[in-house]
Amino acid sequence: QVQLVESGGGLVQAGGSLRLSCAASGSTFNINAMAWYRQAPGLQRELIATITSGGSTNYADSVNGRFTISRDNAKNTVYLQMNSLKPEDTAVYYCYAASLLRTFWGQGTQVTVSS
């Protein structure tokens, strides 16, 4: 079992920055890929950034060039650096982890970007 706890969300003005953190605990040796998703009110959950155990990254077009995903394997933590934030980035952001057999989700952290 893996537990994921997000932190770092909050309220920020458009153009500002935030850094989200996701700390993993439990059977973390099983984790390979980790990712960040977000879900805005009335919309489906959206995959925005992924990182493999080897450090390869991928981004949704909507955040590419503004957001950066990274991970510290020694701390079992994944980060999402969000720059040049826009009001349309407002959403609940979820951390995700995958092992060979299971997937895990955090509880989510709210990010609100004011115009």
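Presented here is a report on the structure given in the accompanying data block. (Residues numbered from 1 in each chain as written. Predicted model: local features only at pLDDT ≥ 70, side-chain atom pairs only at ≥ 80, totals over all residues. Heavy atoms only, no water.)

Some thoughts on the pairing of strand S5 (residues 46–51)
Then, in step 1: With five bridges joining them, strand S4 (residues 34–39) and S5 adopt antiparallel strand pairing. Bridged to Ala35 within S5 is Thr50.
Then, in step 2: Bridge count between S5 and strand S6 (residues 57–59): three bridges; the pairing is antiparallel. The residue of S6 that forms the bridge with Thr50 is Asn58.
Then, in step 3: Counted along the chain from S5 to the antiparallel partner S6, the turn is five residues long, and its residue Gly55 has a positive phi close to 100°. (Pairing = 2+ DSSP bridges. Helix = DSSP H or I, 4+ residues; strand = E, 2+ residues; numbered from the N terminus.)

Section: the environment of Arg102
Then, in step 1: Positionally, Arg102 belongs in the loop between strand S9 (91–98) and strand S10 (103–105).
Then, in step 2: In this structure the C-alpha to C-alpha distance between Arg102 and Val5, which are 97 residues apart in sequence, comes to 17 Å.
Then, in step 3: Among residues more than four places away in sequence, those in contact with Arg102 are Gln1 and Ala97.
Then, in step 4: At 2.8 Å, the side chain of Arg102 and the side chain of Gln1 are in polar contact. (Contact = heavy atoms within 4.5 Å. Polar contact = N/O pair within 3.5 Å; in protein donor to acceptor, adjacent residues only side chain to side chain.)

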